[in-house]
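Listed below are the residues making up each chain.
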Amino acid sequence: MPWKEIWESHRGRIVGVAGGLVCGLIYLLSGFWDMLFFALVVFIGYIFGKRKDLNQGSIFHFQEWARWLSERWRPFK
């Protein structure tokens, strides 16, 4: 039963890494630089999964960006 405990506590990281692996394998098939990109994709998947596990929310705060852009850029002044 340790697999169930691992799945319950690290679900986001597992899914993130699996998604990174799938996307990376699709891109991978050429050489060294592609391997580095593959590692980056897996790392990004891990980071998103870790944030999901720790309930830290989204990395991109769209409402803050929208407010900031609306304050900075007003097309009808």
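Residues numbered from 1 in each chain as written. Predicted model: local features only at pLDDT ≥ 70, side-chain atom pairs only at ≥ 80, totals over all residues. Heavy atoms only, no water.

In the nomenclature of an unreviewed UniProt entry, the protein is known as DUF2273 domain-containing protein of Paenibacillus ihbetae.

Asks: Just to check I follow, could you spell out the overall build of the protein for this structure?
Replies: For the protein, the helix and strand inventory stands at 4 helices and 0 strands. Start at the N end of the protein and walk to the C end: the helices and strands fall as α-α-α-α. With 77 residues in all, the protein has 14% of them scored as buried. Here the contacts in the protein between residues at least 6 apart in sequence split such that 41% fall between residues at least 24 apart. Only carbon and sulfur atoms are counted for the fraction: they give 69% of the accessible area of the protein, which is about 6,800 Å². (Helix = DSSP H or I, 4+ residues; strand = E, 2+ residues; numbered from the N terminus. Buried < 20%, exposed > 50% of the residue type's maximum accessible area, 1.4 Å probe, protein only. Contact = heavy atoms within 4.5 Å. Areas by Shrake-Rupley, 256 points an atom, 1.4 Å probe, with all protein chains shown as cover.)

Asks: What is the right way to look at the pattern of salt bridges in this model?
Replies: A pair can form between side chains of opposite charge whenever their charged atoms are brought close. As enumerated under the stated definition, the model contains 2 salt bridges in all. Where Asp 53 meets Arg 13, a salt bridge forms, and the shortest distance between an N and an O atom there is 3.1 Å. Highlighted residues: Asp 53 in helix H3 (residues 32-53) and Arg 13 in helix H2 (residues 11-27), separated in sequence by 40 residues. Since its relative accessible area comes to 18%, Arg 13 is described here as buried. (Salt bridge = Lys/Arg side-chain N within 4 Å of Asp/Glu carboxyl O.)

Asks: Is there a simple way to explain the environment of Val 22 in this structure?
Replies: For Val 22, the position within the fold is in helix H2. On the accessibility criterion, Val 22 (49% relative accessible area) is partly exposed. When the C-alpha atoms of Val 22 and Val 42 are compared, they prove to be 8.9 Å apart, with 20 residues separating the residues in sequence.

Asks: What is the right way to look at the confidence of the model for the protein in this model?
Replies: The predicted coordinates of low-pLDDT regions are not to be read in fine detail. Per-residue pLDDT for the protein has a mean of 79; in total, 84% of the residues score no lower than 70. Ranking the elements of the protein by mean pLDDT puts helix H4 (residues 62-72) last, at 78, and helix H1 (residues 2-9) first, at 86. (pLDDT = per-residue confidence, 0-100.)

Asks: Hey, could you run me through the packing of H1 against H2 in this one?
Replies: For any two helices packed against each other, one specifies the inter-axial angle together with the distance between the axes. At a closest axis distance of 4 Å, the pairing of H1 and H2 adopts a crossing angle of 85 degrees. Here H2 runs roughly perpendicular to H1, going by the angle between their axes. Residues Ile 6, Trp 7, Glu 8 and Ser 9 of H1 touch H2, and the partners they reach there are Arg 11, Ile 14 and Val 15. For the contact of H1 with H2, the per-class residue count stands at 4 nonpolar, 1 polar and 2 charged. (Axes fitted to C-alpha atoms, helices over the stretch in contact; angles between N-to-C directions. Parallel < 35°, antiparallel > 145°, perpendicular 65-115°, else oblique. Nonpolar A, V, L, I, M, F, W, Y, C, P; charged D, E, K, R; others polar.)

Asks: Help me out: how do you make sense of the environment of Met 35 in this one?
Replies: Structurally, Met 35 can be placed in helix H3. Given the relative accessible area of 34%, Met 35 is considered partly exposed. Along the chain, Met 35 and Gly 24 lie 11 residues apart, while their C-alpha atoms are 8.4 Å from each other.

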